[in-house]
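Residue-level structure breakdown
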Amino acid sequence: MKTLRETAIGDTVRVVKVHGTGAVKRRIMDMGITKGVEIYVRKVAPLGDPIEMTVRGYELSLRKDDAEMIEVEKRA
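Residues numbered from 1 in each chain as written. Predicted model: local features only at pLDDT ≥ 70, side-chain atom pairs only at ≥ 80, totals over all residues. Heavy atoms only, no water.

Re the sheet that holds strand β3 (residues 38-44)
Taken together, the 6 strands give an open sheet; going across it, the order is β1-β6-β2-β3-β4-β5, and neighbouring strands pair in antiparallel fashion. Edge strands, defined here as strands with exactly one partner in the open sheet, are β1 (2-3) and β5 (58-62). Alignment of β3 against strand β4 (residues 51-55), held across 5 bridges, turns out to be antiparallel. In the strand pairing of β4, Lys43 is matched with Glu52. (Pairing = 2+ DSSP bridges. Helix = DSSP H or I, 4+ residues; strand = E, 2+ residues; numbered from the N terminus.)

Here it is in structure tokens:
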């Protein structure tokens, strides 16, 4: 499966699963990234970290290590 880190700029994807455990997974979910939510990747910083996206109508920046834990599928 594809992760959020591998998603191209301008793509809209749907979250399939959030991997990880404990506080890291809880923090990601508290930001609104849960199963089924759509994410639009707006831009990626020059060195690839962080990734800027739109989630549930607000702007969010996420480190690439955290983005690696989010399994996504291309929106149909």
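After that view of the structure, there is still more to cover.
Looking at the environment of His19
With respect to the helices and strands, the residue His19 is situated in the loop between β2 (12-18) and α1 (22-30). Here His19 falls in the partly exposed class, since its relative accessible area comes to 32%. Counting along the chain gives 48 residues from His19 to Ala67, while the straight-line C-alpha distance between them is 9.9 Å. Each residue touching His19, except ones within four places of it in the same chain, is listed here: Lys25, Met69 and Glu71. Within polar-contact distance, the side chain of His19 engages the side chain of Glu71 at 2.7 Å. (Buried < 20%, exposed > 50% of the residue type's maximum accessible area, 1.4 Å probe, protein only. Contact = heavy atoms within 4.5 Å. Polar contact = N/O pair within 3.5 Å; in protein donor to acceptor, adjacent residues only side chain to side chain.)

Remarks on the pairing of β2
Side-chain positions along a regular strand alternate between the two faces of the sheet. Where β2 meets β3, 3 bridges bridge the pair, whose relative direction is antiparallel. By the bridge assignment, Thr12 is partnered in β3 with Tyr40. Note that β2 and strand β6 (residues 70-74) share 5 bridges and pair antiparallel. When the bridges of β6 are listed, Val13 appears paired with Lys74.

What about the pattern of salt bridges?
Considering all chains together, one arrives at 8 salt bridges under this definition. Across the pair Arg5 and Glu68 runs a salt bridge, and its minimum N-O distance is 3.3 Å. Taken as a pair, Arg5 in the loop between β1 and β2 and Glu68 in the loop between α2 (64-67) and β6 lie far apart in primary sequence, 63 residues in all. Overall, Arg5 belongs to the partly exposed group, its relative accessible area being 37%. In this structure Glu68 comes out as partly exposed when scored by relative accessible area, which is 36%. Across the salt bridge formed by Arg14 and Glu38, the nearest N and O atoms sit 2.7 Å from each other. Here the residue Arg14 occupies a position in strand β2, and Glu38 occupies one in strand β3, the gap between them amounting to 24 residues. (Salt bridge = Lys/Arg side-chain N within 4 Å of Asp/Glu carboxyl O.)

Distances and angles like these do not, on their own, reveal function.
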